[in-house]
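Reading the structure
Each chain, written out:
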Amino acid sequence: MRYRVPNGSGGTAARLTVAPLAERFGVRAVGEVGLTTRRIWERALDEVVRDGRDVCHLELSAVTFVDVAGADVLVDAARRLPVGRRIVLHRPPPALCRTLELFWPGLSAIEVTTS
């Protein structure tokens, strides 16, 4: 799976690229999750949920922004996982961590790691 949103008119639209990780199951996202890129984010997370593996890794160190609606998409994906499965966020943007803590505290299907 590889998704990319090109620049919009004037070159100001947000960009998001999502590609599979080589070293473990999951995806690496690069860019911003916002209004113009949310569909890409949704498709990538839908594929993760459908795959059925116990752990999915999301490498987010190159993600600069995730809006609240993008965080909601992540939470929705995590809530659709069967008991015992989880999504591990690697190096997410600090604002995403704060949003998750504020609106969805204690969601056990999402684990955050700084490594």
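Going along each chain's sequence as written, the residues are numbered from 1 onward. Note on the predicted model: pLDDT of at least 70 is required for a residue's local features to be given, and 80 or more for side-chain atom pairs to be given and counted; whole-chain, interface and lining totals, by contrast, use all residues. Here the side-chain values reflect all heavy atoms present in the structure, with hydrogen atoms and water set aside.

1. Let's talk about the pattern of salt bridges
Salt bridge, as used here: a side-chain nitrogen of Lys or Arg that lies within 4 Å of a carboxyl oxygen of Asp or Glu. Here the structure, examined in full by the defined rule, presents eight salt bridges. A salt bridge links Arg28 to Glu23; the shortest N-O distance between them is 3.7 Å. Burial classification: accessible surface area is computed with a 1.4 Å probe over protein chains only, and a residue below 20% of its type maximum counts as buried, one above 50% as exposed, and the rest as partly exposed. Relative accessible area serves as the criterion here: at 33%, Arg28 is assigned to the partly exposed category. The exposed category is assigned to Glu23, whose relative accessible area is 53%. Of the charged contacts in the structure, one is a salt bridge between Arg86 and Glu111, with a shortest N-O distance of 3.0 Å. Placement of Arg86 in strand E5 (residues 86-90) and of Glu111 in strand E6 (residues 110-113) is noted, with a sequence separation of 25 residues between them. Every helix listed is a DSSP run of H or I at least four residues long, and every strand listed is a run of E at least two residues long, numbered separately from the N terminus.

2. Re the side chain of Thr99
Inspection of the secondary structure puts Thr99 in helix H3 (residues 94-103). With relative accessibility at 13%, the residue Thr99 sits in the buried group. Residue contacts are counted whenever heavy atoms from the two residues lie within 4.5 Å of one another. Among residues more than four places away in sequence, those in contact with Thr99 are Val68, Ala71 and Trp104.

3. Considerations on the pairing of strand E4 (residues 55-66)
The two faces of a sheet get side chains in turn, since along a regular strand they alternate between them. Pairing analysis gives seven bridges linking strand E3 (residues 26-33) to E4, with the strands arranged parallel. Among the inter-strand pairings, Val27 is bridged to a residue of E4, identified as Leu58. For the handedness criterion, the strands are oriented away from the viewer, and a crossover whose path from the first strand over the helix to the second runs clockwise is classed as right-handed. Taking the sense of rotation as the criterion, the β-α-β connection linking E3, helix H1 (residues 38-51) and E4 turns out right-handed. Here, a strand pair is defined by DSSP locating no fewer than two bridges between the strands. Sheet topology note: the E4/E5 ladder contains five bridges and is parallel. Residue Val55 lies in a different strand from E5, and its bridge partner there is Arg86. Viewed along the sheet, the connection from E4 through helix H2 (residues 68-80) into E5 turns out right-handed.

4. Quick word on the packing of H2 against H3
Two quantities define a packed helix pair, namely the angle between the helix axes and the distance between the axes. Two elements in contact, H2 and H3, have axes whose closest approach is 10 Å; the angle formed by their N-to-C orientations is 65°. As far as their axial angle goes, H3 and H2 are roughly perpendicular. Like other packed secondary-structure pairs, H2 and H3 cross with a definite hand, here right-handed. Residue-level inspection shows Val68, Ala71, Leu74 and Val75 of H2 in contact with H3, the latter providing Leu96, Thr99 and Leu100. Across the contact of H2 with H3, the residue classes break down as six nonpolar, one polar and no charged. To define axes, lines are fitted to C-alpha atoms, for helices over the stretch in contact only, and angles between the resulting N-to-C directions are given on a 0 to 180 degree scale. Roughly parallel refers to an angle under 35 degrees, roughly antiparallel to one over 145, roughly perpendicular to one between 65 and 115, and oblique to any angle outside these ranges. Less than a right angle of anticlockwise turn of the near helix away from the far helix marks a crossing as left-handed, whereas a clockwise turn marks it as right-handed. Only Asp, Glu, Lys and Arg are considered charged in this grouping, and only Ala, Val, Leu, Ile, Met, Phe, Trp, Tyr, Cys and Pro are considered nonpolar; every other residue, Gly among them, is considered polar.

By themselves, these observations are geometric and do not establish any function.
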